[in-house]
Structure formats: structure tokens, C-alpha cells
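# Coordinate analysis (summary)
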Amino acid sequence: MNYLSTRDSSVKVSSAQAIAQGISKDSGLFVPETIPSLSMQEIEAMLQQDYTQRACVVLGKYLTDFSEEEIRESVTAAYAPTKFSGGYPAPVQKLNDDTFMLELWHGPTCAFKDMALQLLPHLLTRAVSKVAKGEQVSILVATSGDTGKAALEGFKDVPGTSIHVFYPYGGVSEIQRLQMATQEGANVGVCGVHGNFDDTQTGVKQIFTNADINSRMNQNGKMFSSANSINWGRLVPQIVYYVSAYVDLVGCGEIKMGDKINVAVPTGNFGNILAAYYAKKMGLPLDKFICASNKNNVLTDFIKTGEYDRRRDFFTTASPSMDILISSNLERLLFALYDGDSNAVKALMDNLSAEGYYTVSDEVKAKLQAEFYGGFCDEEATNTTIRDIYTQNEYLMDTHTAVGQYVREKYVEETGDKTITVIASTASPFKFAKSMLYAMRGVESDLDEFEQAEMLAELTKTEIPEQILQLKEKVVRFDTACDVSKMTDYVCEKLGI
Ligand SMILES: *Cc1c(COP(=O)(O)O)cnc(C)c1O
């Protein structure tokens, strides 16, 4: 199967090339030429399969230049019981009669990014060996908090690779900062950026597409790749857990094979919800996609009006991993809604970078609204949702997941649609202990982050994940920050080019 650039569909590459390269030279994102299908028989057969086997089926359809054995080895290593506590990577928990939480944070860094980033290094190193000429791969990452750590864990000490992570300085939670600052490994680097996530992401994209830097990389036997969800290799593993959750709901008798369910996703860069969209296009019986934003509600407005307008204030919220105004993966959805018209997508993206906004056609807006519902949740509603759900259901959800829960409730109120819904639960509450404790108690605390985590654990009779407790003992290795304009220099210096 070929992959095309969303901005130039005459660019055709293999899946290995798409993963190795990360982003197309024209700044477009790689998308599969056709979306492969998953039959009801195949879905039914998954009732007898574990997560790893389900992943092999889904990935095999997209990564057609990888052998079955390569995929199996990669998946088995990524989802090993030593990596995901409890030995089951994506358990589904019942919240109430029509709501199920798809818990995606049982991996090494306690956020859903592990689901893809434990696998990506295996796929990427194999992809590079297929398409490159022995180049060293230099991964650059822009993170709003969770991708950075998950990518560092995935790529630390992986031979033939190095990884450098940029994050908005002061824009991530204290646990997220410590997770990155204390990262071990000889091939890693972390640097704060004086700017927000959008500045950081734009800075990294500019380095990737800078012809001069790329030719210097080339001369030095190096190539860039991306571990952000602009990389197809990040997106494809995320399709698996929606399929797996559906099969699990059938397996425990909550739905019958073929019943349609809704999916609600707390959204930032639009990667996670887009994976659910691909699952539906493959044939998984999904109905509506509930796209939940925090106060940075650019997507809510887009779904309502068809106009994407980033010319607005940027807010720092209690759900920092969703503090984003330029949602990269929306470009892939546009490509699908415009039936693969890359000229149309390029025109919109050019308008976005030149003017800060774009408007889709009426036809595309209608298609968008037929499948997507957009809503947002402000800071106060996030806090109330966390407290109420804990009180009613004894279920502790993190600040991001609470945004998903709230918007799904709002959707039901507005539409009366009580279809069984899977909500993506994207992080452990203990990554955001301070905000969580504030939500639960309504008062600020002067205690340090770990003391607050302990208090939260006691208050809610929940356990702090071991990975977070261990941070306390670790040495801070990376504590610098640079201006956005200095990101390029930083990379050149670190990579010696
Ligand atoms: C990254 C992240 C999100 C947003 O996911 P996207 O794929 O960027 O839409 C939501 N919640 C948490 C905890 C995250 O780390």
C-alpha cells in the first residue's frame, strides 16, 4: 500500500518510507492511499485473541512492506507485560450503564502516548533499515507534556538513533517536567522553549523542512524523523485500541457484534480521535465522534462553523497536553473529507499559516458535522466533573479525561443520544496531582508535588504508580530553555552539523 502527502498526492511512498521520514518535504502528512477494511469476521475472530494478536491484524493491513514476523516481534516487545502493568495494555472499565473508560495509561510513562511510542522505535528502526543507507536517525519532538517523556522512554539507548525533545517551558505539569528532566540514556536531550506548544511544534516542523539543514544532515550521514503524531507510525498503533475496546465490549456481553457505539476523546493535536475515525472507515461499527476540547476550544468552533481560526488567546489549563491551537492531524481528516484532493488541503494549510485561519466548503462542513460533535469544558467544569464522578462512581479520572467525560455528558443532554460510549482515558491522575487535588478539595496547597500525590492517593484510596514515585530519587539532567528562534542552533550544535 502506498502513502500520499496530504499536500501533494503525486508524492507516493511506502509505509516504511512514510515512517522513516515522518513528514513529507512539502510539509504535508502521509496518509494511506486507501483505508484497508476489517471485516466483521475478522473482528469476531478477535474475541479469541489477546491485544498483541489484535495489533498484528490491524498493523498488518497498513504496514504492507513489513513482514508478518517483523510486525509480530515489534508488537510483542512493545506490549510486553513488563511494560504495561497488569499485562493488559488497554483495559476497558465500566463507569455506568452506557459509559466505558478505555484506560490507555498503564504504560511506562502513565499517559496514552505509550501505546504508540513503545511501538514506534521498533517500527522506525526497521523502516530505516529498509529505506535508508545506514543513516543515524535523529528524532526531534515537540511536546505539550506527555509525548516527550513517552518518546524518550521509547528511544532511549536504541542503537542508531538519538532523540531531542522540546517542551513549552513553564507549560507542563511538575511531574511531566521531572519525568523529562530526569530522563536516562546516552542518546537523549531535553530543552525547554520560551513559548507555547504551538510555537514549539512550528519550530520543530521548520527544522524538519529546512533544506539547508537537511543537506548538512545528509553530508553527516544523518536523517531526521519525527515521533510526534504527524508520523504515521504514531497513528497506526492507536487504531488498534479502538478495535480492541469494541471486541472487549462484545466479549463481556455489553454490546452485540455489529452494534454501533460512540467514541469520546479529549483532544489536542487530533491524533487520538483521528485513529478512531480510521477504525470506523475500516469497518468498525462506530457512530459519532465526540471531540472534547479544554478552554483552547478552536476545534469546537471549527466543528460548529466550518471555520478554523487560531487567531485567539492561548490558555494554560489544568489539562496541559491539550493546550494546542494548531491541531496538526486535522489535516489528515480534511484530506479524507475532501476525497483526497491535496490541492484543496494545501490551499487551506497555506491560508492557516499565512492568515491564521481557513474555512472549509459547505459540503465538507456537512460531512464533518454528520460524524463529529465538538464541545469544550472550562476549568471550573473540569474540577466539578472530577469531583462529581469520584463521588458518584468512586472513579478517579485525570484532568484530560474529565474534559472528555464532561463533553460527552453535554452531548447526551443536547442530543438525547444515549448510545453506549467509550471515552478515551488518556492519563493517570497522578501526573497532574496538584490540579487533581485542587479539583477534589477546592483549595490550593503549598505541599510539594509528591506530597500532593500522596494526599490525593490517601483521599481517594488509589495507588500512585510506581513510575511516578521513583521520580523522587532521580537526578535532574536537563534544566535549560531557549528562545524559539534558537531551536535550530540548538539542534545543529547537539547533532554536530
Ligand atoms: C496528548 C494528550 C491528549 C491529546 O491527544 P491528541 O492525540 O493530541 O489529540 C489528551 N490527553 C492526554 C493526557 C495527552 O497526553
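Rules and cut-offs
- Residues numbered from 1 in each chain as written.
- Predicted model: local features only at pLDDT ≥ 70, side-chain atom pairs only at ≥ 80, totals over all residues.
- Heavy atoms only, no water.
- Pairing = 2+ DSSP bridges.
- Helix = DSSP H or I, 4+ residues; strand = E, 2+ residues; numbered from the N terminus.
- Axes fitted to C-alpha atoms, helices over the stretch in contact; angles between N-to-C directions.
- Contact = heavy atoms within 4.5 Å.
- 1 Å grid on protein atoms, 1.4 Å probe; cavity = no way out; pocket = protein on both sides within 12 Å on 5 of 7 lines; lining within 4 Å.
- Points joined across faces, edges and corners; volume = space filled by probe spheres on them.
- Nonpolar A, V, L, I, M, F, W, Y, C, P; charged D, E, K, R; others polar.
- Core = buried A, V, L, I, M, F, W, Y, C linked by side-chain atoms within 4.5 Å.
- Buried < 20%, exposed > 50% of the residue type's maximum accessible area, 1.4 Å probe, protein only.
- Salt bridge = Lys/Arg side-chain N within 4 Å of Asp/Glu carboxyl O.
- Arc of directions from axis to C-beta.
- Polar contact = N/O pair within 3.5 Å; in protein donor to acceptor, adjacent residues only side chain to side chain.
- Patch = residues over 30% accessible without salt bridge, like charges linked within 9 Å, V, L, I, M, F, W, Y side chains within 5 Å.
- Areas by Shrake-Rupley, 256 points an atom, 1.4 Å probe, with all protein chains shown as cover.
- Lys, Arg positive; Asp, Glu negative; His and termini not counted.
- Charge placed at Lys NZ, Arg CZ, Asp CG, Glu CD.

## Details of the sheet that holds strand E8 (residues 188-194)
Judged by pairing direction, the sheet is parallel, and its five strands sit side by side in the order E9-E6-E7-E8-E16 without closing on themselves. Either end of the sheet is taken by a strand with one partner, and the two such strands are strand E9 (222-226) and strand E16 (481-483). For this sheet, the mean angle separating the axes of adjacent strands, direction not counted, is 30°. The sheet contact formed by strand E6 (residues 136-142) and strand E7 (residues 161-168) spans six bridges and is parallel. What sits directly across from Ala142, in E7, is Phe166. Sheet strands in contact with helix H6 (residues 120-131) are E6, E7 and E9, and its direction is about 140° off that of E6. Most of the contacts of helix H22 (residues 487-495) go to E7, to which it runs at about 155°, and overall it touches E6, E7, E8, E9 and E16.

## Some details on empty space enclosed by the protein
Scanning all chains against the criterion turns up two cavities of 30 Å³ or more. The calculated volume of the largest cavity comes to roughly 280 Å³. Surrounding the largest cavity, 26 residues form its lining, Phe112, Lys113, Gly268, Asn269 and Ser321 being those nearest its centre. Those elements that place two or more of their residues in the lining of the largest cavity are helix H7 (146-155), helix H11 (232-251) and helix H12 (271-282). Residues that form the lining of the largest cavity fall into these classes: nine nonpolar, 14 polar and three charged. Of the pockets and cavities examined, the second largest cavity occupies roughly 30 Å³. Taken together, Thr267, Gly268, Ser293, Asn296, Val298, Leu299, Met322, Ile324 and Ser327 make up the lining of the second largest cavity.

## Observations concerning the nonpolar core
The biggest cluster of nonpolar side chains holds 111 residues, and the ones touching the most others in it are Tyr62, Leu63, Tyr242 and Tyr358. The element contributing the most residues to this core is H11, with 13 residues. Apart from residues no more than four positions distant in its own chain, Tyr242 is found in contact with Leu102, Val263, Val265, Asn272, Ile273, Ala275, Ala276, Ala279, Leu284 and Ala424. In this structure, Ile290, Ala381, Leu396 and Ala433 belong to the second largest nonpolar core, which totals 40 residues.

## Let's talk about the pattern of salt bridges
A side chain with one charge may pair with a side chain of the opposite charge, provided their charged atoms come close. With the rule as written, the count across this model stands at 22 salt bridges. With its nearest N and O atoms 3.7 Å apart, the salt bridge here joins Glu33 to Lys12. One end of the pair, Glu33, is in the loop between strand E3 (30-32) and helix H2 (40-45); the other, Lys12, is in strand E2 (residues 8-13), with 21 residues separating them in the sequence. You can call Lys12 partly exposed: its relative accessible area is 47%. We note a salt bridge from Arg408 to Asp98, for which the minimum N-O separation is 3.4 Å. Of this pair, Arg408 sits in helix H18 (residues 399-415) while Asp98 sits in the loop between strand E4 (92-96) and strand E5 (99-103); the two residues are 310 residues apart in sequence, bridging distant segments of the chain. Residues joined in a network through salt bridges with shared partners are Lys149, Glu153 and Lys156.

## With respect to the pairing of E5
For E5, a buried count of five out of five residues is recorded, marking the element as mostly surrounded by other parts of the structure. Side chains Thr99, Met101 and Glu103 of E5 all project onto a buried face; the interleaved residues Phe100 and Leu102 project onto the opposite face, where all are buried too. Direction of pairing for E4 relative to E5: antiparallel, over a ladder of four bridges. Of the residues in E5, the one forming a bridge with Val92 is Leu102. Connecting E4 to the antiparallel partner E5 that follows it, the hairpin turn spans two residues. In this sheet, strand E15 (residues 421-425) lies alongside E5 in parallel orientation, the contact comprising five bridges. What sits directly across from Met101, in E15, is Ile423.

## Some words on helix H16 (residues 362-371)
Regarding H16, the residues found buried are Val364, Leu368 and Glu371. All buried residues of H16 project into a common sector of 75° when viewed along the axis, lining one side. When the buried face of H16 is taken as reference, the exposed residues oriented beyond 90 degrees from it are Asp362 and Glu363. Where H16 is buried, its residues meet H12, strand E11 (286-293), helix H13 (298-305), helix H14 (330-337) and strand E14 (372-376).

## Topic: the environment of Asp8
Note on placement: Asp8 falls in strand E2. The exposure class of Asp8 is partly exposed, given its relative accessible area of 30%. Residues Asp8 and Asn343, 335 residues apart in the sequence, show an inter-C-alpha distance of 6.8 Å. Side chain to side chain, Asp8 and Ser10 meet in a polar contact 2.7 Å long.

## Digging into a negative patch on the surface
Side chains of Asp388, Glu409, Glu413 and Glu414 sit close together on the surface and give a patch of like negative charge. The greatest single-element share of the negative patch, amounting to three residues, is contributed by H18. Topologically, Glu409 is positioned in helix H18.

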